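Secondary and tertiary structure notes
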Amino acid sequence: LQSLLNGLMCYKPDDPIEYLESCLQKVKELGGSEKVKWDTFLSPEKKTLPPLNGGQSRRSFFRNVMPDNSNFPYRRYDRLPPIQQFSIESDTDLSETAELIEEYDVFDPARPRPKIILVIGGPGSGKGTQSLKIAERYGFNYISVGELLRKKIHSTSSNRKWSLIAKIITTGELAPQETTITEIKQRLMQIPDEEGIVIDGFPRDVAQAISFEDQICTPDLVVFLACSSQRLKERLLKRAEQQGRPDDNLKATQRRLMNFKQNAVPLVKYFQEKGLIITFDADRDEEEVFSDISSAVDNKLFANKEAAAG
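About the thresholds
Residues numbered from 1 in each chain as written. Predicted model: local features only at pLDDT ≥ 70, side-chain atom pairs only at ≥ 80, totals over all residues. Heavy atoms only, no water. UniProt positions renumbered as here; feature names shortened; annotations may be inferred. Helix = DSSP H or I, 4+ residues; strand = E, 2+ residues; numbered from the N terminus. Buried < 20%, exposed > 50% of the residue type's maximum accessible area, 1.4 Å probe, protein only. Contact = heavy atoms within 4.5 Å. Areas by Shrake-Rupley, 256 points an atom, 1.4 Å probe, with all protein chains shown as cover. Core = buried A, V, L, I, M, F, W, Y, C linked by side-chain atoms within 4.5 Å. Salt bridge = Lys/Arg side-chain N within 4 Å of Asp/Glu carboxyl O. Patch = residues over 30% accessible without salt bridge, like charges linked within 9 Å, V, L, I, M, F, W, Y side chains within 5 Å. Lys, Arg positive; Asp, Glu negative; His and termini not counted. Charge placed at Lys NZ, Arg CZ, Asp CG, Glu CD. Phe/Tyr/Trp six-rings, centres within 6.5 Å; stacked < 30°, edge-to-face > 60°. Lys NZ or Arg CZ within 6 Å of the ring centre and 35° of its normal. Axes fitted to C-alpha atoms, helices over the stretch in contact; angles between N-to-C directions. Parallel < 35°, antiparallel > 145°, perpendicular 65-115°, else oblique. Left-handed = near helix turned anticlockwise from the far one by under 90°. Nonpolar A, V, L, I, M, F, W, Y, C, P; charged D, E, K, R; others polar. Expected span 1.5 Å × (residues − 1). Pairing = 2+ DSSP bridges.

In the nomenclature of an unreviewed UniProt entry, the protein chain corresponds to Adenylate kinase isoenzyme 5 from the organism Gavia stellata. What the UniProt record of the protein chain gives under Sequence similarities (unreviewed entry) is the line "Belongs to the adenylate kinase family."

This is how it looks when you write it as structure tokens:
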């Protein structure tokens, strides 16, 4: 069948029925269908297909289709310039064996899994402050994803991959998803005996949320700190003056706020559908916000324990 198709494609006969009959006759002469090869019905004089551009050379083609204006940006090319692309996660020169996606248990399945609280919100919403307060109140371990990445960048400053990630973060973009998940995994595996863990600043979008659930676990609670854009800008400017973080520059701040606005609604909706998220007005004083968070954590994670104790 493939041989017949090859012949039809090459010759394009005016009478396909007559052509097929001649092919069947040739099969009989050869001694049966088992003698047929992929090029049986192609003769050495097989026709060549016409050129795609109608016979024009590349240069004449470009002369005919390109404007005569000498300022036209592509007249100097015989072909368009190549698009330079790379992937931090897939480039063999940038990936490390230890950071390939692997299927393994982050938590020991034979032991109770620690409670996981994710704290999300815009840049400057108070995620770090509230996460630390939650961890201190309940005796949980605190993980700042941003701090994890910044420490890794400082400790591997000569590594090409992490140098690129540093530039990405400094411009206000999100760090590569699998790299971030890997860093969280490795940190969690260093603290296997914790009763609970508060993770500050992750996930930033729905894709990260799904990846966290697939590779680590479903969180027990997600705390969302809702804050007005004006208040976020004020807090970021103040923090830039006090701490001098490289990702608190004006351009990066604007980009981070834009990323947050684009991703916040679908991310919150994703966790709402799972019944995992509680939203708090973070424009208020931090102690007021923490008081509300504490009540919510008590009711969500410890209500059964308190009832049993009572």
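Comments concerning the overall build of the protein chain
In terms of helices and strands, the protein chain carries 12 helices and five strands. Sorting the 310 residues of the protein chain into buried and exposed places 38% on the buried side. The long-range share in the protein chain, meaning contacts at least 24 apart out of those at least 6 apart in sequence, stands at 74%. As presented, the protein chain carries roughly 19,100 Å² of accessible surface, and 52% of it is formed by carbon and sulfur atoms.

Thoughts on the nonpolar core
Residues Ile117, Ile199, Phe212 and Phe271 are the most contacted members of the largest nonpolar core, which totals 59 residues. When residues of this core are assigned to their parent elements, the largest contribution, seven residues, is made by helix H10 (residues 250-273). In this structure, Phe212 is in contact with Ile116, Leu118, Ile181, Ile184, Ile199, Phe202, Cys217 and Pro219, ignoring residues within four places of it in sequence. By size, the runner-up hydrophobic cluster in this structure holds seven residues, among which are Cys10, Tyr11, Tyr19 and Leu42.

Re the pattern of salt bridges
Side chains that differ in sign of charge can pair as their charged atoms come close. The final tally for this structure, using the stated rule, is 10 salt bridges. For Arg255, the salt bridge goes to Glu173, with nearest N and O atoms at 2.6 Å. Of this pair, Arg255 sits in helix H10 while Glu173 sits in the loop between helix H6 (160-170) and helix H7 (177-189), and the two are 82 residues apart along the sequence. By relative accessible area, which is 27% here, Arg255 ends up partly exposed. What makes Glu173 partly exposed here is its relative accessible area of 32%. Of the charged contacts in the structure, one is a salt bridge between Asp292 and Arg284, with a shortest N-O distance of 2.9 Å. A relative accessible area of 33% means that Asp292 is categorised as partly exposed.

Some words on a negative patch on the surface
A grouping of Asp14, Asp15, Glu18 and Glu21 is seen on the molecular surface, where their side chains present a negatively charged patch. Locating Glu18 in the fold gives a position in helix H2 (residues 16-30).

A closer look at the packing of aromatic side chains
Two descriptors summarise a pair of aromatic rings, namely the distance from one centre to the other and the angle between the planes of the rings. Taken as a whole and judged by the stated rule, the model has five aromatic pairs. Aromatic side chains Phe140 and Phe302 sit 6.3 Å apart centroid to centroid with 40° between the ring planes, which places their arrangement in the tilted category. Of this pair, Phe140 sits in the loop between helix H4 (127-138) and strand E2 (141-144) while Phe302 sits in the loop between helix H11 (286-301) and helix H12 (303-309), placing them 162 residues apart in sequence. Between Phe202 and Phe212 the ring centres are 6.1 Å apart and the planes differ by 50°, which places this aromatic pair in the tilted class. Within this pair, whereas Phe202 is found in the loop between strand E3 (196-200) and helix H8 (206-215), its partner Phe212 is found in helix H8, the two being separated by 10 residues in sequence. With respect to class, Phe202 is no different from Phe212; both count as buried. Ring pairs connect the aromatic residues Tyr138, Phe140 and Phe302, which therefore count as one cluster. Here Lys133 stacks its cationic end above the ring of Phe290, 5.6 Å away from the centre of that ring.

What about the packing of helix H5 (residues 145-155) against H6?
Between H5 and H6, whose axes approach to 9 Å, the crossing angle comes to 135°. Classified by the angle between their axes, H5 and H6 sit oblique to one another. The handedness of the crossing between H5 and H6 is left-handed. For the pair H5 and H6, contact is made by Leu149, Lys152 and Ile153 and by Trp162, Ile165, Ala166 and Ile169, respectively. Of the residues assigned to the contact of H5 with H6, the class counts are six nonpolar, no polar and one charged.

A word on H4
For the α-helix, the turn length of 3.6 residues means that residues three or four positions removed from each other point alike. Its 12 residues give H4 an end-to-end C-alpha distance of 17 Å, which sits within 8% of 16 Å, the value for a rise of 1.5 Å per residue. For H4, the set of buried residues is Lys127, Gln130, Ser131, Lys133, Ile134, Ala135 and Tyr138. Where H4 is buried, its residues contact strand E1 (115-121), E2, E3, strand E4 (221-226) and H11. Remark: Gly139 follows H4 within two positions and exhibits a positive phi of approximately 70°.

Quick word on the pairing of E3
Along E3, five of the five residues are buried, which leaves the element largely enclosed by surrounding structure. Covered by surrounding structure in E3 are Gly196, Val198 and Asp200 together with Ile197 and Ile199, the residues of both alternating faces. Examined bridge by bridge, E1 and E3 share five bridges and lie parallel to one another. Pairing of Leu118 across the sheet is with Ile199, part of E3. The sheet contact formed by E2 and E3 spans four bridges and is parallel.

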